[in-house]
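Coordinate analysis (summary)
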Amino acid sequence: MKKPTIYRLTGAVLFVMMLIAIPTVVMAQDHITIDKSEVKTWLQQNWIWVALGVLVLLIIIISTSSNRSRRRSTTVVKDDFGNVRRVTTEVVEEA
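Because the structure is predicted, anything quoted here is derived from the model rather than measured. (Residues numbered from 1 in each chain as written. Predicted model: local features only at pLDDT ≥ 70, side-chain atom pairs only at ≥ 80, totals over all residues. Heavy atoms only, no water.)

Regarding the overall build of the protein chain
Along the backbone of the protein chain there are two helices and two strands. Counted from the first residue to the last, the protein chain has its helices and strands arranged as α-α-β-β. Looking at the 95 residues of the protein chain, the share that counts as buried comes to 1%. The contacts of the protein chain with a sequence gap of at least 6 include a subset with a gap of at least 24, amounting to 11%. On the protein chain, roughly 9,600 Å² of surface is accessible, and the fraction owed to carbon and sulfur atoms is 64%. (Helix = DSSP H or I, 4+ residues; strand = E, 2+ residues; numbered from the N terminus. Buried < 20%, exposed > 50% of the residue type's maximum accessible area, 1.4 Å probe, protein only. Contact = heavy atoms within 4.5 Å. Areas by Shrake-Rupley, 256 points an atom, 1.4 Å probe, with all protein chains shown as cover.)

See below:
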């Protein structure tokens, strides 16, 4: 007895979906005119040049900021028997 209820519900859902889809298809068939004077290549659009400028600026900033060199100096002090008594590690940043 549950199958007819499921079939009715499925049919109702499909019917509602078709009612929603039909106006979408009808409205998609509107006449479209393209003004050829507004069509530009991707190089003629201003936002491309702005994005390229920002990208080049970021590359320059990243490449110049990573020029700091770090030197790590480790000092190991051993006693007469070869046992390690003290280890000192220093990080020296050179500009």
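Continuing now.
Brief notes about the environment of Arg72
Looking at the secondary structure, you find Arg72 in strand β1 (residues 69-78). Each C-alpha atom of the pair Arg72 and Val91 lies 4.5 Å from the other, and the pair is 19 residues apart in sequence. Look past the residues within four positions of Arg72 in its chain and what remains in contact with it is Thr89, Glu90 and Val91.

A closer look at the confidence of the model for the protein chain
On average, residues of the protein chain carry a pLDDT of 78, and 80% of them reach 70 or more. Within the protein chain, helix α2 (residues 46-65) carries the highest mean pLDDT (88), whereas strand β2 (residues 84-94) carries the lowest (76). (pLDDT = per-residue confidence, 0-100.)

Some thoughts on the environment of Thr88
With respect to the helices and strands, Thr88 occurs in strand β2. A C-alpha to C-alpha distance of 8.1 Å links Thr88 and Ser73, two positions 15 residues apart in sequence. With near-sequence residues (within four places) excluded, Thr88 lies in contact with Ser73, Thr74 and Thr75.

Considering a nonpolar patch on the surface
Among the surface-exposed residues, Trp42, Leu43, Trp49, Leu52, Leu55 and Ile59 lie close enough to one another that they form a single nonpolar patch of about 650 Å² accessible area. Here Trp49 shows up in helix α2. (Patch = residues over 30% accessible without salt bridge, like charges linked within 9 Å, V, L, I, M, F, W, Y side chains within 5 Å. Salt bridge = Lys/Arg side-chain N within 4 Å of Asp/Glu carboxyl O.)

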